[in-house]
Every structure is written in structure tokens, then in C-alpha cells.
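Residues per chain, in single letters:
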Amino acid sequence: MATTKSHPAADAANSTPKKTVKMPYGVPGYTLQDVERQVPTTEPPVLPVNADLEYIGKSPKRWDAHAKVSGSGRYTADIQLPGMLYAKFASSNVPHAKVVSIDTSAAEKVPGVKGVFVIENLLGGARLLNPSLEVSRYPIVRYAGQPIAAVAATQPHIAEEAALLVKVQYAPKPFVVDMEMARQSDAPPVFPGPANQGGSAGGGGGASDVPQTGNIHGPAVHKRGDAEQGFKDADFIVESKYTTQVQVHNALETHGVVADWKPDLLTVWASTQGTASVREELASFFKLPKSQVRVITEFMGGGFGAKFGPGNPGVVAAALSKQTGAPVRLMLDRKEEQLSVGNRPSSDQTLKIGAKKDGTLTAIQLISFGTAGCGTGAGCAGPATNLYQSASLHTEENDVFINAGPAAAFRAPGHPQGAFALEQTIDEMAEKLNMQPLEFRDKIDANPVRRVERQIIRESALWKSRNPVPNADRGPIKRGVGLSQSVWYRHIEMDSAAEVRVHRDGSVEVLSAVQDIGTGIKTVMAQILSEQFGVPPQQVSVKIGDTNYPVGPNSGGSVTTASLTPAVRDAAWQAAQKFLVSVAPALGTTPDDLVLTKGEVHSKSGHMQPIGFRRAAAKMDTSEVSAQARRVPDYDPKHYDTYGGVDVAEIEVDTEMGIIHVKRFFAVHDCGRPMNPSQVINQINGGLIQGTSYALYENRLLDPTYGLMVNANLDQYKIAGARDIPQLHVQLVESYIGQSSTDASGIGEAAGIISAAAAIGNAFYNATGVRIRSTPMTPAVVLETLSKAPQRSNA
Amino acid sequence: MSGPKFPPQADDPSSFATQSSDATETSQANDRPATKGITRRGFLKGAGVAAAGTALLEGAQVFTREAVAATRREHDGVKEFGPGAIPVALLVNGKEHTLQIEPRTTLADALRVHLGMTGTKVVCDRGPCSGCTVLMDDMPVNSCMTLAMDAIGHQVTTIEGLQSEGELHPVQAAFVKHDAMQCGFCTPGMVMTCSALLKKNSHPTEDDVRQATAGNLCRCGTYPRIFAATLEAAGVSGKESIRNA
């Protein structure tokens, strides 16, 4: 999610009638107080803090846990329709070429092959501003693994074999897959002129109004205050260079769809983070009315930012279904997944900060280069811009084109890279100032929630066990403890709606097109209805992941819970009011006299004894009442919140073998009102693990001789596994912000992925007295780092 | 990949899968005829499969397919199957199914495509993720690297067959209780691996669980919950409280 996404305008809300309410604000046990807000009169009563609620803020079991542990959950990869064909891409095996001709005749002749489709309009990657610089019938091949055509056949292996028979004649072009080489003035150009890429619903993409010189697209310059003056005012300046690698998403379920093109309706099962984005883009691509495109995502096997819109698999499967008259499944294989549908860009950052003797941060300057392959989006200035906002700022972000698959938004785009450099530099400055890491951050970070989090860290046994003197261990295995902060932003997707239905039998259901990408929104939606109607979550019917239901947000940038839950609660509240209208005559009173709370209908006047919700429902004067609500704007949109956390890593560095063992994390995080703390902690665990994996292991390797990825699989692309991961201790900080009827926020991005590598870096310094400035911190990098450092005697 | 993840080998010498699994890298050349590309399926298809076969390559001499088959027929009276579909009887979750499948069909495809049992997930299709783990007898195997024919005569248990009389297996129930999942795509494989561990070792330590699941990849990072759930299912309490909020 681009950090510049506009906040919902206050104006939209100003026209509706308002009431004044008091809401909890701050952190219980630290800063909790009441705050007054003007909210639409249609809003439900203010929710108290979690401690006073029955279902919200508790951790009932995951709503679809049974389906997931029993194998009955149907993912896109599991969809089988009568007569369904299996499609397979034929992809380029060269990194840069003009396609001269494509001969599909041999593939078409294979028994069982029902259709062949040649791609003429490729999605993904940057596009030339002036397409006439490249005249070609077929898309120019800019990376090995770029899809060129696809075959649909009755069996998967027939499609695989036929795809190999698609004959492509290439006119090869010189290529470059190494970012340093691509930056040289004589490097082969990936594009013959300026090229831009838009972001997806999940963010990513880069600046479009920037210069382009050779393969360097940028700089995108941002300033706050006068950084030059800030450095003049500084007593100390720290400047260093940091590099990070390309990380591949590798969600376990690959990208793919099952498309069923019928004359009046295109139905697409998609492994996506956005049913809305898939519907929107398919309708646009095929010039269909949106009402004739239906997208279904009941279960999906992970996305991490890379799964928005139909992409090439989606449009090609739909086209093949239209061509053959049969449903078509196109799921990528693991190699295609790693080559063609996204990655986290690399970075090469030169970061300079200045501070006064008293610890005032005066200036931050970041010059970054990074490659998003043949796309853009390698900017990484988010942390430098937003973590410590008191300093003046100058950032220049550059994308460097290389002949590799385009990047995609990846969990907190740009932030793990940026934090790796910034948080180590902040520690380095603290040492120059003779301040401790927490003390310096207290001085330069005014965010009240981070302050609480630092206090919790300060009092923790793990932080207290840290020896403030670096390189204190005498033996070859050295222990270190270090921390990093993270920051993410409150983004709200206003296209978030839900419908709640109450039936005469006392059953309740909630419907929204939103998809559950593993984060647990189904559970949270059920909890909201439980709180309203007193029905246990497992008895609430949650129907999501289908564009037949009210529009749901695309799940990127941690927007889902923050955006959708207020709509769900508003719909539940409004349905409850309609329910009271419906039962009042049979209860011999007026709706105004009735209130539904904790599963019972009460009479305010004492007209009757409380009656259970289900018994009351039997008295409804219609078989069903329902209400649909959309997201109302945040109550105080001028107040812009960030989320984040402070994470402490404990590591051991084997200075002889070069191996870093991450022993433990203690992580303290906030995300507004935690709706289901267990699910939130599960996500933070996952972020810390993914961040540890990024810090130590993961690396996309491209061979400069042939331009191919040499580890496009899961045996050589190393991801942290069960034996590699640290002990994790997560503490949630409830943080009430007075912004919506649920006051909830998301956690996906802020959940440890941003801070893990930086915390490990700071712990490495604490262990060894040497700064490690490159990821992944493989034994080779560790040993090289240690060997280049000036020899320090052990304490 | 953890130790016990290979297809059974000791008394089952027809496991070719490990010999050819690394060859898929070279299969993407568009300008080559398919028959010359080396894919696992292509390799197996070309080689044919013997029902009670012996090692494919015998001694130092490399035989042609025809020669191997002729030798076998001559010496062992072994029948050669394929490449066309043949009837194969599989015992899955206690029920016998007769499938009409090509001998090269993997167990994963037999389950997912031919039996419609899609609880078993295919993630990497070459071994290192163990998302497709099922039990053959009590041994966890990667069903993407096991030929369906190699499962003949074995009790195959999939995630769909782990419940008994509608009750979740203790490992499944503990996964639910500890929320040992996020997207859920690794969950069936994890559950199968952990249930196999408990059959072998009823009192595992956390290190035992880590060792057993070392080959099972979870990209969402639910491992701490998986360890705790498995220890609880075994009646061993974990080192840390998972519901720590």
C-alpha cells in the first residue's frame, strides 16, 4: 500500500447529522481517557474497552478452523468443475528478446488439447510511455519466465507437454540482471525509453513523474524542512551504506484461477487478496459490465501482497474459457510463481543522519537504489520518513530496471529494507551520543503508543539481560540483544460493505465480498454479530469471498479489519433495530421500548421480563430482516494514526562458523482495538518469522551469464523452517483511537516483518561490536563482515 | 527435508521418484519437442512402471526400456504396465477405490484429481515443502513424489480420513484450540506429519516436533502454535503459553 494513499476526506461526513459521543482513547493501564467525537446519528452505541465485552476482544476459535484442519476447505486450486480444462503457460526461457514468431500448430495437434492462446497484451511490469519506440506484434520479453502463450487440455500433463511444443522464435537482445551493472551508463537498456508502472490495489508501483536515465528511473525526491541546515546544526553525523536482497513471496498456494465463461456471466474462482480487484480488472480487460463478472474466493492460501487483480493467469484462463466453451483452471507451478508474479525489491541505501549532543535528531537523508525487475516500486523511504518525524528530511528513491520479473507489493512494501538501515543507524547514533537505544528513541519519537511499548520493553527480563557493552562475550559464540521499531499507517478502504440478516428461527448471517487471506476476518465478523445478538460465533453464518455479496475491501496494506469491521457492526446494529421493530407488536410494546443486549430483548419500561433473542425472533412479523451498511468515514480523519511496535531480538553469533542463531523475540505491538488477540498474535508471530527468514536466508539468485533464476524452487530458495525459528513472545498493547464503531485496525504489515532484520542487525552489533549492513546475513556475509572490521579486543 | 519423508524404500524398490525429481528445471524449453524434455512424468512415462519392479538400472549397463522390460519378462515373469491408463486399486482411508489411471500418476494426483479428495495440497511438487503429506501405513510420505502404484497394498490415510466417527483427531482438535493455522494451506500436511510423529513417539519434546515438521513449510509462520498444539495433543504441555493475551 502506497504510504501516500489519501485519508477519507472529512467533507464526505460533514453533511450527515451528527451526535456527540464519548469514546475510550489511549492505552489501558497507561494513558486511557475519554475523548469526544462527533459521529453520524446512525452509528451504533460506543463499544467499551475489550475487558467489558463478551465476544469482541476475546479469542474464540478461528471460524473456519474445522474446515482447515479437516481438509474440507475448498481453495481455488481445489476447484473441479464438470468438463474443466487444465491450462499451462508456455514461458520465455530467455531474459530479453523480441518475439519474432510463435508457432502453436504442434501444440494444437496433441490429443486432448482444446485451446491455445497467444498473449498479445501482457499484464505486469512497467510500460513504455512511448510505445512506438518498440514495434512488435507480441510483447517484448523482458525476463526469463515471462508468459508467452497458454495451452488448455483435458489433463494437466497433456497441457504441460503441449506447452513445451509451442515454438517461439526469439530475436535476442542484450540483457542485464545485476543491479550494479544495470546502473552503468553502458548497460543494456531494459526499456528503450521512459517507462512507468502503476501500483496494484495492494500498493507497490513507483513514482511516475520522475526522470529516467538508462535503467535508472528516478530519483523521486521528497523533502521535509531543510535537511542541509539540519546537518549543519548537527554535532554528530552518521552515514553508512546498507544493501538488501530480493525476497520472493512464495505463498503456499500459487497464483491462479478457475474461469468459467458463459454468455451472460463470467465466473472466476481466484486465489486473490481482492475479489473486488479481480472483478474490476476482468470487467475492464474484457469490456464486460461488472454485473456480468462474478469472483469467488472462499479459501485462499496466502498472498502477502502479490495477489491483486486477475494478472496474466486470470485473463488468459478467462480467454481460454471463452475460446473453448469450457471452464479452465490455470494455477501456476512453483517455478512460475517465483519468476513471474512478484517479489520484494532489493535495496542499496546510503543513509545519513545528524543529531545534536542533547539527542535532538536534526536531519535524515536517504539515497536509495533498488530493483523491482522490469517494474518499479523499490522505494524504501517509509521508515526514514515516518518513524522519527521531528527531523528534517531529504530522500531520493531510484528504481533500477533489470531483466527480471516485476516486483509486487510485499508485506509492508519498502519498510523492512528501510528499517534495516534506519534502525541500525539510530542505534549507531545513540552510541555516539552515549545514550541507550531506548533512551534515544524516547527523545526522538513522540508517539504515545510507541512510548508505552518502549516502557514495556525496558521492564522486560530480556532487555534487562542485555549487556550494554558490545562484544562482551569472550568465547567464539557471542550473545547479543538488539531492538527495532516499526511503523505502519491507518489506511481505510471506503468500498467496504456488509449485509446482516436475521431470520425468524433466530439464526443470523453476515455477507460481504471480502476475502479471508488467512488473517481471520471471518472469525472477527462472527464475533461482531455475536456481540450484537448474543449468538456464539460458531453459530453465526459468515458468507464471504463472493462478489454476489456487498463489496468488500481488497486485503492489502492492513486495511481489511480497519475498513470492514465498522460496516459489519453498523449493519448488525441496524439489523437489530429492524428486528426490534419486527417483534415489538407481538411483544405488546413499541420498538423504542426495546433493547437487544447480551442475547436478550429487554423492555426499558419494565413492560415485560427479558426474553431470549431466539425466542423473540420467533415472534418476528416477517421471515427475515436485513440491513446493509457501508463504511462511514473515520470519526476524526484529521487525526492520522500510525501503528507499530518495538521488537527485541536475542541472538547468538558463531563467529567461527559465521552462523547467526536467532534465539528469541520479545515483541510489543499495537493495532488499535485488537478484535481477536489470538489471531493478531498469530500474525505477529508470522511477521517475525518471515522477517527472520528475510534477514538470514531468503535470496533470489539470478545468473548473470544466462539471465535465469537459479533457485526457482523451494529446495534452493531457503525459507526459515521449524528448526530455524526463534522462541516468540508477543505482547499486545490495546490502543483505542476513537475512529470508528469498532475502533479496530489491521496488523499484517506492522507485524514484525518490518523490524525483524533491523533488530537482528542491532543484536549482531551488541554481540560482536561490528555492524552488519547486508542481508541475507549468511555465513559468508557474517564472516566477511567480521573479517573487515577493525580488530577489537574482547572485554 | 526431514528424515522419514521419503517414500518407503526398504521393501519397495520401485520408488523411482527420488531419482528424477531434480530434473524438472530443464523442462521449460519452448523450442524442444516434449519427448526430449526431461520431466519427471515424461521420464516415468518413457520408462514404464513395473508393478513389483526391481531397480530400473541394473549393474553398470544401461538397458533400453524394451531390453529392461524383456529381461524382466524373461527372468521374473513381471508384467509391464503403461503408458496407457490401467486399473489401480488403492486403499484410502479404509475404503478401497479402483481408479483408471496412467502408471505415472502420482499419489497426490490420484487423490486430488481422480478421487476428488482435495484436502491434500500440492505446493512445490518436488518434495521440500511436504504440503502434500499423507500416511502410507503409519509413515508420512510426500504424495507428490510417490507414485500411486507404489501405494498399492498400503493403507493410505489422508487428512479427510483422520477423523473417526465425526470426531476430530486429537492433533486436529489441538490445532483448532491453539489456532495453529492462518491461511490453512500447509495445515493438512502439518496435521498428517504431527499425527505420524505421535504414533511413533507419544511423548515428544518441542525439539522432536521441530525435527518432525522440519520439512513442512508454513509461509504464514504459525510454527509456535503448531509446536504447542502437537505437544498438547500428546498430553505434554508446551514451554510457553500460546494464548498469551
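Rules used in this analysis
Residues numbered from 1 in each chain as written. Chains lettered and ligands numbered in written order. Predicted model: local features only at pLDDT ≥ 70, side-chain atom pairs only at ≥ 80, totals over all residues. Contact = placed C-beta atoms within 7 Å. Helix = DSSP H or I, 4+ residues; strand = E, 2+ residues; numbered from the N terminus. Nonpolar A, V, L, I, M, F, W, Y, C, P; charged D, E, K, R; others polar. pLDDT = per-residue confidence, 0-100. Core = buried A, V, L, I, M, F, W, Y, C linked by C-beta atoms within 7 Å. Buried ≥ 20, exposed ≤ 12 C-beta atoms within 10 Å, placed from the backbone. Expected span 1.5 Å × (residues − 1). Pairing = 2+ DSSP bridges. Axes fitted to C-alpha atoms, helices over the stretch in contact; angles between N-to-C directions.

Caption draft 1: Here's a closer look at the interface of chain A and chain B. Between chain A and chain B, the contact holds 59 residues from the first and 56 residues from the second. At the level of elements, α2 (65–70), β3 (85–91), α4 (156–163), β8 (167–172), α18 (677–696) and β32 (727–733) of chain A are the ones that each hand at least two residues to the side of chain A that touches chain B. Partitioning the side of chain A that touches chain B into residue classes produces 23 nonpolar, 24 polar and twelve charged.

Caption draft 2: Spatial organisation of the confidence of the model for chain B. All names here are of chain B. Of the residues in chain B, 64% reach a pLDDT of 70 or more, and the chain-wide mean stands at 77. With pLDDT under 50 throughout, residues 1–63 is counted as low confidence; its partners more than four residues away or in other chains account for 113 contacts. Long-range and interchain partners of residues 238–245, a stretch whose pLDDT sits below 50, account for 19 contacts in this model, where long-range means more than four residues apart. Across the interface, the model reports ipTM at 0.96; the global pTM reads 0.92.

Caption draft 3: Here's a closer look at the nonpolar core. All names here are of chain A. Counting residues in each nonpolar core, the largest one holds 232 residues, and the members touching the most others are Ala 87, Ala 150, Val 151, Ala 152, Val 268, Val 316 and Ile 760. Discounting chain neighbours no more than four positions away, the residues touching Ile 760 are Ala 649, Ile 651, Ile 660, Val 662 and Ala 695. Counting residues in each nonpolar core, the second largest holds 52 residues, with Ala 497, Val 524, Trp 573 and Phe 579 among its members.

Caption draft 4: Quick peek at helix α15 (residues 521–533) of chain A. An ideal rise of 1.5 Å per residue puts 18 Å on 13 residues; α15(A) measures up with 18 Å between its terminal C-alpha atoms. Count one or two residues on from α15(A) and you reach Gly534(A), which has phi positive near 75 degrees.

Caption draft 5: A look at the sheet that holds strand β7 (residues 147–153) of chain A. Residue and element names in this part refer to chain A. The sheet built from seven strands is open, its strands ordered β5-β7-β3-β16-β13-β14-β15 with mixed pairing. Each edge of the open sheet is held by one strand with a lone partner, namely β5 (113–118) and β15 (293–296). Going across the sheet, the axis of each strand differs from the next one's by a mean of 20 degrees, ignoring polarity. The pairing of strand β13 (residues 256–262) with strand β16 (residues 328–331) spans four bridges and is antiparallel. Looking at the pairing, Ala 259 lines up with Val 328 of β16. Contacts from α4 reach β3, β5 and β7 within the one sheet, and its direction differs from that of β3 by about 25 degrees. The sheet contacts of helix α8 (residues 311–324) involve β3, β5, β7, β13, β14 (265–270) and β16, and relative to β13 the element is tilted by about 30 degrees.

Caption draft 6: Quick look at the sheet that holds strand β29 (residues 659–670) of chain A. Residues and elements named next belong to chain A. Pairing is mixed across the open sheet formed by four strands, whose spatial order is β20-β28-β29-β32. The open sheet has two free edges, formed respectively by β20 (477–489) and β32, since each of these has just one partner strand. Taking the axes of each pair of neighbouring strands and ignoring which way they run, one obtains an average angle of 15 degrees across the sheet. Bridge count between strand β28 (residues 642–654) and β29: eleven bridges; the pairing is antiparallel. Counterpart to Val 646 in the pairing with β29 is Val 668.

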